[in-house]
Amino acid sequence: MTPQTVRNLRLAAALLVAALVQLGIAPSIGIRGVRPDLLLSTALLSAMFSEANGAAALGFFGGLIHASFAAPSAGGFGSLIVSRILVCFGVGWLEERIYRDNGLLAVVIVGIGTLLTEGVFFILSPQRHLGHWARSVGGTAFYNVVLAYPLYLLLRRWLGPLRLREPY
Amino acid sequence: MRSETTPHARRYWAALVFLLLGVLLGVWHNRVTTHGYQDRTVSAVRGVVAPPVGWMESISHWFGRQTGWLFRGHAAEDENRRLKERVAQLEGEKAALLEAQTNYSRLRDDLGFVHANTPRLLAADITARKTDPKFDTLIINRGSRDGVRINSMVRTRNGLVGRVFELTPGTASVLMLTDQKSGVGGRVQRAASRAVGVCEGNNSTRLELKYLPGDADIKPGDLIVTSGLGGMFPPGQVIGTVESVKPDENNVGKTAQVHPAVEFDRLEEVYVQP
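Let us look at the structure shown here. Everything quoted here is computed from the prediction, not taken from an experiment.

**What to know about helix α1 (residues 3-24) of chain A**
Then, number 1: The terminal C-alpha atoms of α1(A), which comprises 22 residues, lie 31 Å apart, in line with the 32 Å expected from a rise of 1.5 Å per residue.
Then, number 2: Along α1(A), the residues that are buried comprise A:Arg7, A:Leu11, A:Ala14, A:Leu15, A:Ala18, A:Ala19, A:Leu20, A:Gln22, A:Leu23 and A:Gly24.

Structural data, given as structure tokens:
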């Protein structure tokens, strides 16, 4: 197997583990009703370790798992998937151009990426109570940011350095 | 221009395919679920992911039970004392209710009413709960092959949890009362009142009983049960207790804040009425 294939398999495994932790444990570690979205955080961080097409694939599968378990009662299934594809693709696309192996950048990516993903979701699938939605998203983004750096270190250890190819 | 855009399109064709697939899956999902059918994609994903998630949820609960006293030591002791007092009070009320029920049954027989059968309840474990922080939903380990249907009622011993809104053969998605898209007809149980409104969720730990008339007789401490209006839920299912009452936004009617009878964050198992 090529190093790229090994990395892709490891990315898929990381996403699956994140899905299991998100669905099985994350609701139990909420603080004052605020819960992290580990699946989204992992998809965004994994996108940093991928090129744009791979990042879109991560967004697709992360979104599909998320939507299969958490899609709201009326609509929103496709919006959950598409919002994650677009933002993960953006992260992967930027990775091809400007990223460097930097933990601080990972934290920023997760924070902005969470807000962007939920923003795209809101545009595609508007929610009834804007205030509650904004509070929930703000809380989740904050929780994701807090967990981003340790998660980034874990992924980096699991996947190796950010780039497989030579730097530009 | 063409020579600049074509290489990009070729380079990112895989991403475009995923995007298109995402849109198509969304349209397909809405189409099949609107007609009451099961989405096979959801069934397949849940079929693979749900079993290990269920194990993790069990481990998480077990861990929570073993270590909960560390975080809730004094609170648990106080709660235990309050519950013992409540049990003693309820024992007295139960005896009075049994007496009343005996009289009620006898009178119904005398008047020739037909007795309704007691509905069958199906116990279900929770596979995953509140999987997205924005939505108050549950996944349970009972599905269409167990006889669960869309809009089946889900409850605990304490009260109403919500209704089933999506099904696969082995799992069901439940919309909890606290979700912003949930609305159920509610009635004040007190005999002197019987005021009726609509109990709506707002993704917080409280519910709002809205559209009460301005002269509705409702006060803190009143028990709210399902009204049965709308036909979604049978009447008399416990929803919660009124905490406060205030005039509504237009100062025409009243809105009551309701504390749900069910502790949604501590749910471990539920009962489904297929």
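Next comes the rest of the account.
**A word on the sheet that holds strand β1 (residues 122-129) of chain B**
Strand pairing in a sheet is mediated by backbone hydrogen bonds. Such pairs are either parallel or antiparallel.
Residue and element names in this part refer to chain B.
Then, number 1: Overall, antiparallel pairing links the six strands, which are arranged β1-β2-β5-β4-β3-β12 in a closed barrel. Mean inter-strand twist for the sheet, computed between neighbouring axes without regard to direction, equals 45 degrees.
Then, number 2: In this sheet, strand β2 (residues 137-140) lies alongside β1 in antiparallel orientation, the contact comprising three bridges. Bridged to Arg 129 within β2 is Leu 138.

**As for the sheet that holds strand β9 (residues 223-226) of chain B**
Residues and elements named next belong to chain B.
Then, number 1: Spatially, the six strands close up into a barrel ordered β6-β7-β8-β11-β10-β9, and their pairing is antiparallel. Across the sheet, the axes of successive neighbouring strands diverge by a mean angle of 40 degrees, strand direction being ignored.
Then, number 2: Here strand β7 (residues 196-201) runs beside strand β8 (residues 207-212); their pairing, made up of four bridges, is antiparallel. Across the sheet, residue Cys 199 finds its bridge partner in β8, namely Leu 209.

**Regarding the interface of chain B and chain A**
Then, number 1: Across the boundary between the two partners, chain B contributes 46 residues, which contact 49 residues of chain A.
Then, number 2: Approximately 4200 Å² of surface area, both sides summed, lies buried where chain B meets chain A, with 63% of it carried by carbon and sulfur atoms.
Then, number 3: Linking A:Glu118 and B:Lys134 is a salt bridge whose minimum nitrogen-to-oxygen distance equals 2.7 Å.
Then, number 4: Linking chain B to chain A there are eight residue pairs in polar contact (both at pLDDT 80 or more).
Then, number 5: Listed by contribution, the elements that provide at least two residues to the side of chain B that touches chain A are α2 (13-34), α3 (40-111), β1, β4 (160-167) and β7 of chain B.
Then, number 6: With twelve residues, the single largest contributor to the side of chain B that touches chain A is α2(B).
Then, number 7: The residue inventory of the side of chain B that touches chain A, partitioned by class, reads 22 nonpolar, eleven polar and 13 charged.

**Regarding the packing of aromatic side chains**
Then, number 1: The final tally for this structure, using the stated rule, is eight aromatic pairs over all chains.
Then, number 2: Ring geometry for A:Phe60 and A:Phe61: centres 5.1 Å apart, planes at 80 degrees, overall edge-to-face.
Then, number 3: Between A:Phe61 and B:Phe18, the aromatic rings sit 6.1 Å apart at their centres with planes inclined by 70 degrees, giving edge-to-face as the arrangement. Placement of A:Phe61 in helix α3 (residues 52-70) and of B:Phe18 in helix α2 is noted, with the two residues assigned to different chains.
Then, number 4: Note on A:Phe61: relative accessible area 41%, which makes it partly exposed.
Then, number 5: Owing to a relative accessible area of 18%, B:Phe18 belongs among the buried residues under this scheme.
Then, number 6: The cationic tip of B:Arg46 hangs over the ring face of A:Phe69; the distance from NZ or CZ to the ring centre is 5.8 Å.
Then, number 7: Just above the ring of A:Phe121 sits the side chain of B:Lys134; from NZ or CZ to the centre is 5.0 Å.

**Let's talk about the packing of α1(A) against α3(A)**
Residue and element names in this part refer to chain A.
Then, number 1: The geometry of α1 relative to α3 is characterised by a closest axis approach of 11 Å and an angle of 25 degrees between their N-to-C directions. By the angle between their directions, the pair α1 and α3 is classed as roughly parallel. At the point where α1 passes α3, the crossing takes the right-handed sense. On α3, the residues touching Leu 11, Leu 15, Ala 19 and Leu 23 of α1 are Leu 58, Phe 61, Gly 62, Ile 65 and Phe 69.
Then, number 2: The residue makeup of the contact of α1 with α3, split by class, is eight nonpolar, one polar and no charged.

Conventions and cut-offs
- Residues numbered from 1 in each chain as written.
- Chains lettered and ligands numbered in written order.
- Predicted model: local features only at pLDDT ≥ 70, side-chain atom pairs only at ≥ 80, totals over all residues.
- Heavy atoms only, no water.
- Helix = DSSP H or I, 4+ residues; strand = E, 2+ residues; numbered from the N terminus.
- Expected span 1.5 Å × (residues − 1).
- Buried < 20%, exposed > 50% of the residue type's maximum accessible area, 1.4 Å probe, protein only.
- Pairing = 2+ DSSP bridges.
- Axes fitted to C-alpha atoms, helices over the stretch in contact; angles between N-to-C directions.
- Contact = heavy atoms within 4.5 Å.
- Buried area = accessible area lost by both parts, 1.4 Å probe.
- Salt bridge = Lys/Arg side-chain N within 4 Å of Asp/Glu carboxyl O.
- Polar contact = N/O pair within 3.5 Å; in protein donor to acceptor, adjacent residues only side chain to side chain.
- Nonpolar A, V, L, I, M, F, W, Y, C, P; charged D, E, K, R; others polar.
- Phe/Tyr/Trp six-rings, centres within 6.5 Å; stacked < 30°, edge-to-face > 60°.
- Lys NZ or Arg CZ within 6 Å of the ring centre and 35° of its normal.
- Parallel < 35°, antiparallel > 145°, perpendicular 65-115°, else oblique.
- Left-handed = near helix turned anticlockwise from the far one by under 90°.

Interpretation in functional terms is not warranted from these geometric data alone.
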